[in-house]
Amino acid sequence: MKNGFWAYGYLAALLVVALLADFIAGDKPLVASHQDSLHFPVFERSLPSEDWATVAVDWAIWPPIPFRASATDLSQPGYLRPLSPAADHRGIHWLGTDRLGRDTAAGLVSGVRVAVGVGLGSVLISLLLGLPLGAVAGFFGDHGWQLPRGRLLGGVIGLVVGGLYVVGSIAALSTGVFHFLLLASLVLLATCSGGILLFDALGRAIPWLRRPAGVPIDRLVVLLLELTVSIPGLVLLIAVLSYVDRSSLGVVVLTIGVLGWTPVARFLRAELMRIRELPYIAAARVGGVGELRLLFRHALPNAIGPVVVVAAFMVGTSILAEAMLSFLGIGVPAEQVTWGSILQQSRAKPSAWWLAVFPGLLLTLTLLACNSLRQTR
Amino acid sequence: MLAYGLRKLLYLPLGVLLLSLVSFALTWLTPGDPVQQRMVAEGVRTSGVDLKTYEREYRLLASRLDYDLPLFYFTVTHAALPDTLHRIVQADRRQTVRRLALRHGDWPRVQQYYRALLGARLAEEEAVQVTARRLLTRAERPYIERQLRGLPDGENTTELRTAYQDMVRHTDRSSLLWPRIYWNGTENRYHRYLLRLADGDLGISYADRRPVAQKIAVALPRTVLLNGLALLVVYLLAIPLGLYMAHYHRSRFDRWATGLTFLAFGLPAFWVATLLANFFTTPAYGMNWFPSMGFGEVPLGAGWWEALSIRASHLLLPVFCLAYPSLAYVSRHLRASTLVELERPYVKTARMKGMTGSQVLWRHVFRNAAFPLVTLLGGLLPGLLAGSVLIEQIFNLPGMGQLLYEAATARDWPVVTALVLVNGVLTILGLLLADIGYALVDPRVRLGKLPPR
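Here the structure is a predicted model, which is why all the values come from computation and not from measurement.

What is the right way to read the side chain of B:Thr223 from this model?
All names here are of chain B. Counting through the fold element by element, Thr-223 comes out in helix H10 (residues 212-247). For Thr-223, a relative accessible area of 2% translates into the label buried. A polar contact is formed between the side chain of Thr-223 and the side chain of Glu-392, at a distance of 3.1 Å. Among the polar contacts listed, one links the side chain of Thr-223 to the backbone nitrogen of Met-400, at a separation of 2.7 Å. When near neighbours in sequence (up to four residues on either side) are disregarded, Thr-223 contacts Leu-385, Ser-388, Glu-392, Gly-399, Met-400 and Gly-401.

This is the structure we're talking about:
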């Protein structure tokens, strides 16, 4: 399709720019000859000096945008218009500068890297959370997974007891996050299986415990979904991020990702609810395929295509959320140059139109590309 | 219908309860010592007063704010910690005692050491006093040992040293493995927090010492006005747009409208708002046509036309920016559902009866195609509330979004947590009304034939 083609091309270009950001914008030459030896300063650290602009090189090939995004230039007044020459005649500020003389084009390249990182990273986290929950809820429903009542009861009681013990003792004993996770999962495994064994033994005496009952997975997941949806995302995002002492992009990615699990889970659940009723699933079941194998080998592969499209759409919304947050200056480190932070700068100086137009244009194109991926299917 | 409504109503208390837990957890996570912050907020002198007065003030305030109570209905812990730890009201001291107990595992001996410190902090000798006060807030082993070594000999010093050595010698961390659960009853902070919420007491803003409830009461109507206007615009414009896009399917109008709504859905509203604010509310480009902040003051005795035009000039741009993404979304939805309905046999029947195209569209098709619009209302609300954070900030409108932004950047925790709660309750109410409204207009939902969302 013609419509989808430019979108794929644009997103691929964005990815390439994000990967090659150091070669496109930076204050180090790509290749430089210095005192008869060849240097590749982008790869090397601190040779022969940090500031390559002051080094007398024999010859050098500079990146197309020879500025670092965060490098300020106070020797000239700020807000240079697009296409004005730089102070030391090292190059041209193609898209102008901001108040502190930082190059807008370099800032945009750095923003591409941030946007791609945040978009892909947070969607990956959302998928990690949303895929299992949505798949299990949609495929098994409330009655698809039958267990003897005793096992169900024992497992739940074991999990609750183990959870309390983890909160009470393990959290105080453990020395690090990894240590804690290891100990906690061991304890939970032990108590859960202990509860199941105990109630299995009890079930020999009480027939009521042996009768099968459906695990209400679907109802639980839907409840979780409805409760998560009832909190306005950006409001919670701002509130949570304002609690973080040292702002970092990792925390932003994590928070956006964790709060974004609902669309994936909702969509996959609906898709699997449709697929599990299809004749080929029934046929496979009659053929003796186990339930888990049915889910992973037969049902999920058919549902994953549409989910990828939803994920592509969510990359767009995550990038938008990151842009909004950095526009507000919450959660994203102050020295990190992003599309949102450049846009924010234009508010202090409305006549510097290049600060408002270019980052917004990139953001819009990205969102349109992500949206149109969903359209083409 | 009643059963359906009741079932949906059950979500309301559950959702509010969860929200109160989230916002309570946020108050609990608040960095720093909340009692001390509140003392600053209330203007209590903290420097220059002697220790005993300070401690008394602290204790009074802590008990007024319930910081001398346990956190929740029950406490899950282990044998190294007692059920009475919360009675040490000062946050830094409680932290110290906690860390000591976790390191040495023997609560009676830790308590002995703490008591010795408490005795020493009011000792005769100046040096002992100062050291004891320092030790009350530090738990690092080398630090304690260095400080104890430097003490002048005396009664307090001997007691401290023996208590410390006793504690260190009997270190046994195995007590951490023994779980303990204590039941606290209703005398806990969460319960009191809920009771206060029911009273409408949301705490005091650290920024200007005003009650949070009062600040929100000022901001809420403005945000509701903004969002209400935006919703009105969305539905007034989206319904005819969506219907006629489907009616003139594949015409030039349909193609243009589809393309435009696609574009509008992708254009980030805060960028458009920034551009509009930069171009039309500042003199930078000679197009300073709109005022740049506030909702506008209507002078006393002004005619309704004057009042309306003042308000309109302030609200036109923000309402536009808030409305257009939802407008695009709703009209595309309506177009899709109308296209489905237009294929139905009853449309053909109505045509055969001799009704004109627009009569069929508005009397028959619209009613059937518009059912999902009721539910969309519920989904739009969180988006609008979130969007107004940015729009209010860009157009300098002092509503809830602006309040949230200012509170979050100024680290004004009571306001932030209260706003999460209020926003959540508003969203839950919106979703609930949408669900019930849907069931009222479409009997299929009540009978469980269609999932509402």
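After presenting the structure, the write-up continues.
Sorry if this is basic, but what is going on with the pattern of salt bridges here?
If charged atoms from side chains of opposite charge come close, those side chains can pair. The final tally for this structure, using the stated rule, is 23 salt bridges over all chains. When the shortest N-O distance is used, the salt bridge between A:Glu277 and A:Arg276 registers 3.3 Å. A network of salt bridges, in which partner residues are shared, links B:Asp66, B:Glu187, B:Arg192, B:Arg196 and B:Asp201.

Honestly, the interface of chain A and chain B in this entry has me stumped. Any pointers?
Listed as interface residues are 48 residues of chain A and, on the opposing side, 59 residues of chain B. Together chain A and chain B conceal approximately 4700 Å² of surface at their shared face, both sides included; 73% is due to carbon and sulfur atoms. Among the residues chain A hides against chain B, the three largest losses belong to A:Val235, A:Tyr243 and A:Arg347. Together they make up 15% of the total. Run the count over chain A and chain B and you get zero salt bridges. If you look at where chain A meets chain B, you find eight residue pairs in polar contact (both at pLDDT 80 or more). Looking at the side of chain A that touches chain B, the element that brings in the most residues is helix H13 (residues 353-376) of chain A, giving twelve residues. Looking at the side of chain A that touches chain B residue by residue, the class counts come to 33 nonpolar, twelve polar and three charged.

Would you mind going over the UniProt feature "transmembrane region" (unreviewed entry) in chain B with me for this structure?
Within the UniProt annotation, "transmembrane region" (unreviewed entry) is assigned to residues 224-244, 256-280, 369-395 and 415-441 of chain B. From the first C-alpha to the last, residues 369-395 of chain B spans 36 Å; its make-up is 93% helix and 0% strand.

Mind showing me how you'd approach the packing of aromatic side chains here?
To describe a pair of aromatic rings, one takes the distance between the centres and the angle between the planes. A full pass over the atoms with the stated rule returns 22 aromatic pairs over all chains. Where A:Phe139 meets A:Phe140, the ring centres are 5.4 Å apart and the plane angle is 80°; that geometry is what we call edge-to-face. No difference in accessibility class separates A:Phe139 from A:Phe140, as the two residues are buried. Here B:Tyr244 and B:Tyr248 contribute two aromatic rings whose centre-to-centre distance is 6.0 Å and whose plane-to-plane angle is 20°, an arrangement assigned as stacked. Among the aromatic residues, those joined into a cluster by ring pairs are B:Phe24, B:Phe72, B:Tyr73, B:Phe74, B:Tyr190 and B:Tyr193. Taking the ring centre of B:Tyr143 as reference, the NZ or CZ of B:Arg138 above it sits at 3.9 Å.

I'm lost on unusual backbone geometry in this one. Help?
Excluding glycine, a negative phi dihedral is what most residues carry, and trans is how most peptide bonds are arranged. Residues and elements named next belong to chain B. The backbone phi angle of Asp-66 is positive, close to 70°, even though this residue is not glycine. Under the relative-accessibility criterion, Asp-66 is labelled buried at 5%. With phi around 55°, Arg-411 is a residue other than glycine that occupies positive phi space. Among the secondary structure elements, Arg-411 is positioned in the loop between helix H17 (400-410) and helix H18 (413-441).

Can you help me understand the environment of B:Asn423 in this one?
With respect to the helices, strands and loops of the structure, B:Asn423 is situated in helix H18. Residue classification places B:Asn423 among the buried residues on the basis of a relative accessible area of 5%. Once you skip the residues sitting within four places of it in the chain, B:Asn423 turns out to touch A:Pro232, A:Val235, B:Leu385 and B:Met400.

I would appreciate a short explanation of the domain arrangement of chain A in the present structure.
A common way to state how big an interface is: give the accessible area lost once the parts meet. Parsing chain A into structural domains produces domain 1 (1-26 + 102-145 + 223-377), domain 2 (27-62) and domain 3 (146-214). The C-alpha-based centres of domain 1 of chain A and domain 2 of chain A are spaced at 38 Å.

For this particular structure, what's the right way to read the UniProt feature "domain: ABC transmembrane type-1" (unreviewed entry) in chain A?
Under the UniProt annotation, "domain: ABC transmembrane type-1" (unreviewed entry) lies at residues 177-374 of chain A. In residues 177-374 of chain A, the share of helix is 79% and the share of strand is 2%. The end C-alpha atoms are 38 Å apart.

Teacher, can you tell me more about the UniProt feature "transmembrane region" (unreviewed entry) in chain A here?
All names here are of chain A. Mapped onto the present numbering, the UniProt feature "transmembrane region" (unreviewed entry) falls at residues 7-25, 114-140, 152-172, 178-199, 220-243, 249-268, 303-332 and 352-373. With 87% helix and 0% strand, the stretch residues 303-332 has end C-alpha atoms that lie 35 Å from each other. The annotated region residues 352-373 carries 95% helix and 0% strand content, and the separation between its end C-alpha atoms amounts to 33 Å.

In this structure, what is going on with the packing of helix H16 (residues 371-394) of chain B against H17(B)? I would like to understand it.
Pairs of packed helices are described in terms of their axes, by the angle between the two and the distance that separates them. All names here are of chain B. Where H16 contacts H17, the axes come no closer than 7 Å and their chain directions differ by 85°. With respect to each other, H16 and H17 are oriented roughly perpendicular. Of the residues in H17, those touching H16 at Ser-388, Val-389, Glu-392 and Gln-393 are Met-400, Gly-401, Gln-402, Leu-404 and Tyr-405. Looking at side-chain class alone, the contact of H16 with H17 contains four nonpolar, four polar and one charged residues.

Is there a simple way to think about the pairing of strand S1 (residues 31-34) of chain A in this case?
Taken residue by residue, a regular strand's side chains alternate between the two faces of the sheet. Residues and elements named next belong to chain A. Residue alternation in S1 divides its side chains into two sets, Val-31 and Ser-33 and Ala-32 and His-34, and both sets are buried. One ladder, built from three bridges, connects S1 with strand S3 (residues 59-61); its direction is antiparallel. Within S3, the position partnered with Ala-32 by the bridge is Ala-60. Pairing between S1 and strand S2 (residues 37-39): three bridges, direction antiparallel.

I would appreciate a short explanation of the nonpolar core in the present structure.
A general feature of soluble globular proteins is that nonpolar side chains tend to end up buried together. Counting 152 residues, the largest nonpolar core has A:Ile238, A:Leu272, B:Phe270 and B:Phe395 as its most contacted members. In terms of residue count, helix H11 (residues 291-328) of chain A provides more of this core than any other element does, 19 residues in total. Other than its neighbours up to four places away in sequence, B:Phe270 contacts A:Leu320, A:Ala323, A:Met324, A:Phe327, A:Leu343, A:Leu363, B:Leu390 and B:Ile394. In this structure, B:Leu117, B:Ala123, B:Leu136 and B:Leu160 belong to the second largest nonpolar core, which totals 31 residues.

How should I be thinking about a nonpolar patch on the surface in this particular structure?
Residues and elements named next belong to chain A. A surface patch of nonpolar side chains, about 1100 Å² in accessible area, is lined by Leu-15, Val-16, Leu-19, Leu-20, Phe-23, Leu-38, Phe-40, Phe-43, Trp-59, Ile-61 and Leu-120. Put simply, the parts of the chain that give the nonpolar patch at least two residues each are helix H1 (2-19) and S3. In terms of residue count, the dominant contributor to the nonpolar patch is H1 (three residues). Along the polypeptide, Ile-61 turns up in strand S3. Look at Ile-61 and you get partly exposed, because its relative accessible area is 44%.

Even after reading the chapter, I still don't get the environment of A:Gln35, so can you show me in this structure?
Topologically, A:Gln35 is positioned in the loop between S1 and S2. C-alpha separation for the pair A:Gln35 and A:Pro148, spaced 113 residues apart in sequence, amounts to 79 Å.

Cut-offs and rules
Residues numbered from 1 in each chain as written. Chains lettered and ligands numbered in written order. Predicted model: local features only at pLDDT ≥ 70, side-chain atom pairs only at ≥ 80, totals over all residues. Heavy atoms only, no water. Helix = DSSP H or I, 4+ residues; strand = E, 2+ residues; numbered from the N terminus. Buried < 20%, exposed > 50% of the residue type's maximum accessible area, 1.4 Å probe, protein only. Polar contact = N/O pair within 3.5 Å; in protein donor to acceptor, adjacent residues only side chain to side chain. Contact = heavy atoms within 4.5 Å. Salt bridge = Lys/Arg side-chain N within 4 Å of Asp/Glu carboxyl O. Buried area = accessible area lost by both parts, 1.4 Å probe. Nonpolar A, V, L, I, M, F, W, Y, C, P; charged D, E, K, R; others polar. UniProt positions renumbered as here; feature names shortened; annotations may be inferred. Phe/Tyr/Trp six-rings, centres within 6.5 Å; stacked < 30°, edge-to-face > 60°. Lys NZ or Arg CZ within 6 Å of the ring centre and 35° of its normal. Domains from an automatic or database assignment. Axes fitted to C-alpha atoms, helices over the stretch in contact; angles between N-to-C directions. Parallel < 35°, antiparallel > 145°, perpendicular 65-115°, else oblique. Pairing = 2+ DSSP bridges. Core = buried A, V, L, I, M, F, W, Y, C linked by side-chain atoms within 4.5 Å. Patch = residues over 30% accessible without salt bridge, like charges linked within 9 Å, V, L, I, M, F, W, Y side chains within 5 Å. Areas by Shrake-Rupley, 256 points an atom, 1.4 Å probe, with all protein chains shown as cover.

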